[in-house]
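# A closer look at the structure
Okay, here's what each chain looks like letter by letter:
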Number of protein chains: 2
Amino acid sequence: MTLSLQDCRALDAQDPLRDLRDQFKLPAGVIYLDGNSLGVLPRTTAARVAQAVTDEWGEGLIRSWNSAGWFDLPQRLGDKIAPLIGAAPGEVVATDSTSINLYKVLSAALSMAAVDAPTRRVLVSERSNFPTDLYVAEALCRERGLRLHLVEPGDITAALTPDVAVLMLTHVNYRTGAMHDMPSITAAAHAAGALAVWDLAHSAGAVPVDLHGAQADFAVGCGYKYLNGGPGAPAFVWAHPRHADRKDPDIWQPLAGWWGHAAPFAFTPDYRPAAGITRYLCGTQPILSMVALECGLDTVLAAGPLGGMQALRKKSLALTDLFIELVEARCAREGLGLATPREHAARGSQVCLTRVEGAYAIVQALIARGVIGDFRSGDPQAGSGRTGSVDILRFGFTPLYIGFEDVWNAVEQLRQVLETAEWRRPEFNRKNAVT
Amino acid sequence: MTLSLQDCRALDAQDPLRDLRDQFKLPAGVIYLDGNSLGVLPRTTAARVAQAVTDEWGEGLIRSWNSAGWFDLPQRLGDKIAPLIGAAPGEVVATDSTSINLYKVLSAALSMAAVDAPTRRVLVSERSNFPTDLYVAEALCRERGLRLHLVEPGDITAALTPDVAVLMLTHVNYRTGAMHDMPSITAAAHAAGALAVWDLAHSAGAVPVDLHGAQADFAVGCGYKYLNGGPGAPAFVWAHPRHADRKDPDIWQPLAGWWGHAAPFAFTPDYRPAAGITRYLCGTQPILSMVALECGLDTVLAAGPLGGMQALRKKSLALTDLFIELVEARCAREGLGLATPREHAARGSQVCLTRVEGAYAIVQALIARGVIGDFRSGDPQAGSGRTGSVDILRFGFTPLYIGFEDVWNAVEQLRQVLETAEWRRPEFNRKNAVT
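Residues numbered from 1 in each chain as written. Chains lettered and ligands numbered in written order. Predicted model: local features only at pLDDT ≥ 70, side-chain atom pairs only at ≥ 80, totals over all residues. Heavy atoms only, no water.

## Notes on the sheet that holds strand 10 (residues 235-239) of chain B
Residues and elements named next belong to chain B. Selection rule: In this scheme, strands are said to pair when DSSP sees at least two bridges between them. Here a helix means four or more residues in a row that DSSP labels H or I, a strand means two or more in a row labelled E, and each is numbered from the N terminus. Interaxial angles span 0 to 180 degrees and are taken between N-to-C directions of axes, which are lines fitted to C-alpha atoms, for helices over the stretch in contact. We call two residues in contact when some of their heavy atoms are within 4.5 Å.
The seven strands lie next to each other as 4-10-9-8-7-5-6, forming an open sheet whose pairing is mixed. Where the open sheet ends on each side, the last strands, each with one partner, are strand 4 (92-95) and strand 6 (147-151). For this sheet, the mean angle separating the axes of adjacent strands, direction not counted, is 20°. With five bridges joining them, strand 5 (residues 122-126) and strand 6 adopt parallel strand pairing. For valine 124, the partnering residue across the bridge sits in strand 6 and is histidine 149. Strands strand 4 and strand 10 of the sheet are contacted by helix 4 (residues 73-81), whose axis makes an angle of about 120° with strand 4.

## Comments concerning the pattern of salt bridges
The condition is simple: For salt bridges, the criterion is a side-chain nitrogen of Lys or Arg within 4 Å of an Asp or Glu carboxyl oxygen. For the exposure calls, accessible area comes from a 1.4 Å probe over protein chains only, and a residue counts as buried if that area is under 20% of its type's maximum, exposed if over 50%, partly exposed in between.
On inspection of all chains with the given rule, the structure shows 50 salt bridges over all chains. Linking aspartate 406 of chain A and arginine 21 of chain A is a salt bridge whose minimum nitrogen-to-oxygen distance equals 3.0 Å. Here aspartate 406 of chain A is found in helix 13 (residues 404-419), whereas its partner arginine 21 of chain A is found in the loop between helix 1 (5-14) and strand 1 (24-25), with 385 residues between them in sequence. Between glutamate 328 of chain B and arginine 342 of chain B there is a salt bridge, and its shortest N-O distance comes to 2.6 Å. With glutamate 328 of chain B in helix 11 (residues 308-330) and arginine 342 of chain B in the loop between strand 11 (337-338) and strand 12 (350-355), the pair connects residues that are 14 residues apart, well separated along the chain. The partly exposed category is assigned to glutamate 328 of chain B, whose relative accessible area is 38%. One connected set of salt bridges, linked through shared partners, spans Arg76, Lys80, Glu294 and Asp298 of chain A.

## Points about the relation of the copies chain A and chain B
What counts, and what does not: In this comparison the copies share one frame, found by least squares on the C-alpha atoms of residues holding pLDDT of at least 70 in both.
The operation relating chain A to chain B is a screw motion whose rotation component is 180°, with 0.0 Å of axial translation and a residual RMSD of 0.0 Å. The operation mapping one copy onto its partner corresponds to a two-fold rotation axis. Of every C-alpha in chain A, the one belonging to serine 289 of chain A sits nearest the axis of rotation, 2.9 Å from it. Take the interface residues of chain A: 100% of them recur as interface residues in chain B, which is what a same-surface contact looks like.

## Describing the interface of chain A and chain B
To be explicit about the condition: Summed over both partners, buried area is the accessible surface (1.4 Å probe) that two parts give up on being assembled. Polar contact is the term for a pair of N or O atoms within 3.5 Å; when the atoms are in protein, one must be able to donate a hydrogen and the other to accept it, and sequence-neighboring residues count only if both atoms are side-chain atoms.
Tallying the contact residues gives 83 residues for chain A and 83 residues for chain B. Taken together, the two surfaces of chain A and chain B that pack against each other cover about 7,300 Å², and 68% of this comes from carbon and sulfur. Three residues stand out in chain A for area buried against chain B, namely Trp57, Tyr135 and Phe267 of chain A, and they jointly supply 11% of the buried area on that side. For the pair chain A and chain B, the interface holds two salt bridges. Between glutamate 143 of chain B and arginine 144 of chain A there is a salt bridge, with the nearest N and O atoms lying 2.7 Å from each other. The interface formed by chain A and chain B includes 18 residue pairs in polar contact (both at pLDDT 80 or more). Breaking the side of chain A that touches chain B down by element, the ones donating at least two residues are strand 3 (41-42), helix 2 (45-60), helix 3 (64-67), helix 5 (98-116), helix 6 (131-144) and helix 10 (287-301) of chain A. When residues of the side of chain A that touches chain B are assigned to their parent elements, the largest contribution, ten residues, is made by helix 6 of chain A.

## Notes on the pairing of strand 9 (residues 218-221) of chain A
Residues and elements named next belong to chain A. Where burial is concerned, the two faces of strand 9 agree: the one with Phe218 and Val220 and the one with Ala219 and Gly221 are both buried. Strand direction decides the pairing type here: strand 8 (residues 195-199) and strand 9, joined by three bridges, are parallel. Each bridged residue has a counterpart across the sheet, and for valine 197 the counterpart in strand 9 is phenylalanine 218. Two elements, strand 9 and strand 10 (residues 235-239), share four bridges in a ladder whose sense is antiparallel. Looking at the pairing, phenylalanine 218 lines up with alanine 239 of strand 10.

## Some details on the sheet that holds strand 15 (residues 391-396) of chain B
Residues and elements named next belong to chain B. Reading across from one edge, 11-12-15-14 is the order of the four strands in this open sheet, with antiparallel pairing throughout. Both outer strands of the open sheet, strand 11 and strand 14 (374-376), are each paired with one neighbouring strand and no more. Relative to strand 15, strand 12 runs antiparallel, the two sharing six bridges. Bridge pairing in strand 15 places cysteine 352 opposite arginine 394. Lying over the sheet, helix 11 contacts strand 11, strand 12 and strand 15, oriented at roughly 25° with respect to strand 12. Helix 12 (residues 359-368) rests against strand 12, strand 14 and strand 15 of the sheet, and its axis sits at about 30° to strand 15.

## Here we look at helix 12 (residues 359-368) of chain A
The periodicity of an α-helix, 3.6 residues per turn, causes residues three or four positions apart to be oriented the same way. Residues and elements named next belong to chain A. Counting buried positions along helix 12 yields eight of ten residues, so the element is predominantly enclosed. Listing the buried residues of helix 12 in full gives Ala359, Tyr360, Ala361, Ile362, Val363, Gln364, Ala365 and Leu366. Where helix 12 is buried, its residues touch strand 12 (350-355), strand 13 (371-372), strand 14 (374-376), strand 15 (391-396) and helix 13.

## Quick notes on the packing of helix 2 of chain A against helix 10 of chain A
Residues and elements named next belong to chain A. Selection rule: Each angle receives one of four descriptions, namely roughly parallel if under 35 degrees, roughly antiparallel if over 145, roughly perpendicular if within 65 to 115, and oblique otherwise. Left-handed describes a crossing whose near helix is turned anticlockwise from the far helix through less than a right angle; right-handed describes the clockwise counterpart. Three categories are distinguished: nonpolar for Ala, Val, Leu, Ile, Met, Phe, Trp, Tyr, Cys and Pro, charged for Asp, Glu, Lys and Arg, and polar for the others, with Gly belonging to the last.
Relative to each other, helix 2 and helix 10 sit at 150°, their axes nearing to 9 Å. Taken together, the axes of helix 2 and helix 10 are roughly antiparallel relative to one another. Both helix 2 and helix 10 take part in a crossing whose hand is right-handed. Of the residues in helix 10, those touching helix 2 at Thr45, Arg48, Val49, Ala52 and Val53 are Leu288, Val291, Ala292 and Cys295. Counted by class, the contact of helix 2 with helix 10 contains seven nonpolar, one polar and one charged residues.

## What to know about helix 10 (residues 287-301) of chain B
For clarity, the threshold we go by: One less than the residue count of a helix, multiplied by 1.5 Å, gives the span that helix is expected to have.
With 15 residues, helix 10 of chain B ought to run about 21 Å at 1.5 Å a step, and its terminal C-alpha atoms sit 21 Å apart, in line with that. Across the 15 residues that make up helix 10 of chain B, a large majority, 13, are buried.

## Remarks on the state of the cysteines
How we decide: Any cysteine sulfur atom paired with another within 2.5 Å is treated as part of a disulfide.
Enumeration over the complete set of coordinates arrives at zero disulfides over all chains. Among the cysteines around cysteine 8 of chain A, which has no disulfide bond, cysteine 331 of chain A carries the closest sulfur, lying 14 Å off. Of all cysteine sulfurs, the one in cysteine 282 of chain B lies closest to cysteine 282 of chain A, which takes part in no disulfide; the gap is 12 Å.

## Things to note about the nonpolar core
Rule in force here: Remark: nonpolar core denotes a set of buried residues (Ala, Val, Leu, Ile, Met, Phe, Trp, Tyr, Cys) joined through side-chain atoms within 4.5 Å.
Of all hydrophobic cores here, the largest spans 311 residues; its most connected members are Ile85, Leu106 and Leu200 of chain A together with Ile85, Leu106 and Leu200 of chain B. When near neighbours in sequence (up to four residues on either side) are disregarded, leucine 106 of chain A contacts Leu123, Val136, Ala137, Leu140, Val166, Met168 and Val197 of chain A.

## Topic: unusual backbone geometry
In the Ramachandran plot, phenylalanine 267 of chain A falls in the positive-phi region, its phi being about 55° despite a non-glycine side chain. Looking at where phenylalanine 267 of chain A falls in the secondary structure, it is placed in the loop between helix 9 (241-244) and helix 10.

## A few points about the layout of surface pockets
Selection rule: Of the grid points, spaced at 1 Å and generated over the protein atoms alone, those admitting a 1.4 Å probe that cannot get out make up cavities, while open sets with protein on both sides within 12 Å along at least five of seven lines make up pockets; any residue with an atom within 4 Å of a point is treated as lining. Grid points are joined across faces, edges and corners, and a volume is the space filled by probe spheres set on the points.
Space inside the largest pocket adds up to approximately 610 Å³. Residue lining of the largest pocket: 35 residues in total, with Arg142, Glu143 and Arg144 of chain A together with Glu143 and Arg144 of chain B positioned closest to the centre. Residue assignment for the lining of the largest pocket shows that the elements contributing at least two residues are helix 5 and helix 6 of chain A together with helix 5 (98-116) and helix 6 (131-144) of chain B. When residues in the lining of the largest pocket are grouped by element, the largest group, six residues, is from helix 5 of chain B. Of the residues contributing to the lining of the largest pocket, the split by class is 18 nonpolar, five polar and twelve charged.

The following block contains the structure:
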């Protein structure tokens, strides 16, 4: 029997993570199922950013590089990200954008392969990977005369032929919410002699990640999705210690700026990479966005005493299970399909529904009712082998601030939008949104 | 006869730009001569950033990418930077860091040269250029098998031999304040068949720049110095329209992210560069730091009705002339030299004094007295052919908020620190500052 609204309220009342929601300023009348795109505002952020603007910048001025610890922010924030992704302190820096960090680690990985295994001239990725990852890979392959081999999700291990230098994957797919088995795929890459580079954009803060346990080689991720760092928050980068310190002169990443120098204030004309992950820094970082990111990280770390990522994961699966169950029970005749795997081990923290007609308008009608998800085109040109030509309605469930009643209400709104054909109204069918 | 404090007050009273100072929150008791490192806080910034945090992010959430114009910020801010550097609307984007933007334009310039003039295999720069520029150039030369040829300032045109692909220079030298003649050096580069790439970090907002007048090829610059964008504010990048749209598939810059795609929301697996300068965008930008940068740009644009960059330049030269004159008159026997050119055409908006002993401690003693400048090591390893082993005391004069009385008072404090040997105190001789 399907759960009722009262059942969902009871689940919220029993939820040990329920109070974590109080860390956020949630707009009234909104059920926000887009934390996979932009996390919500923590209560501490406005005051912390104001302090950075008014006191640290306004009063401290240049002195705040020392006195307010600005210069160490990439490492300090990196140390807060590390436990969320199975990395050790000192192994992660928060900096730049995900795309740029991916360029750094792919460059390093390809350089390592060029030294260690020069006959390997192929970079493998998934055709339905987030496109910016593919653009960065395409640019680097062009630059270095390598071949970019894009495959469907089921064909990844078969593609790990002896000419493959690097396998680059996004852990949780942005369109379908499907999650790769990081340990086994990394092991397959290593067994085939390739390096494994992981993009954690849709997994850091959403699902438990154990980079060391998986023996991954490099990873990057995003600060503004499940880490609640704010719009365009700086991203992060990790390199396994077995790679981070490699001394071969041809193996450092090429975005060689002064923040990655062994002695940044010596101002020597020659580049000497800093030890460890610090060499993955480049130029001066946007401090106001960095301090906001720290507030976001603290909201995730607050789950630590309550069981941390494992507890968040348990709730996330309960939320996405409930959403799937309610959609299938209450919107059964509305032409919705499921793009997200039912199997827990293969699911991230989002649920993607498919629909042949009107997906965009349905999302707009839901937004007008205060249920914010988003739309992703299923145009086959977009490269999804999984969904064909159907479009996608994407709903992210951030267990820090989404509850079971929210899920019930979201499905009820979806049911009403579909049963009343409200989505056919002209105002929901104008494609002007960029998100 | 040297000007008196009263004379300086009279100059301030007559200064047509005097009221521009009211745009800023200047800390009490501070004379801030470090705007060349981090500009001061505009009065509008705190409220604007708070609005972006609380309203746009907190309430608008993902919708603000459209409704608050976040997605267009790189272009909108670029259009505000354009008139300050002699570029046209649509030719500049604000994004990423200066180092990363330099990597983009150097990559593009070297790729162009590889197509148009493949026998040119040398990148020329100045040994005393800001080191991060040299690190980026070094990394790219290593990557592409080119030679990086570093020369002294006087040897630049002689170095423009037929094997030179690109000349990369910083317009105003960070250590000495010396300014290159951009039009004549660019013309010399072009006459020699090379492209000219300019770093405007210490000139945008400080001195008039006319990229089109000089027929420059590419330029980058910094948002947090004279543009008052806040700590680590996003930087900017410009490409001459004759280059920006080149369609050769091997000529786009390699940091190919989704913000630089022709159709960023089509999510196609293949990269197609956007038209014009937009292809120099890569990943999602730090919005909180972007909105702060816009407030900073507005403070410089406010000088427009009062004569704009020409009026700011006139005042800047009057300030630096006065500083030099007062130091030479009032600190004549204190062992100070002048690293900055006396000739106006060769001077930026800063004055750098040299000193064999105690430069670091003198700067610390001045900071303790509220006069904030900074120290730069003159270690010959740092590559300055101009200053030998003497150290540098660096003072930046931002005409938007520095007045003539400030100059007089700063020199008076310097005189007292030197004449009383106050700088010999142990607390001023501990080298723990990172700036």
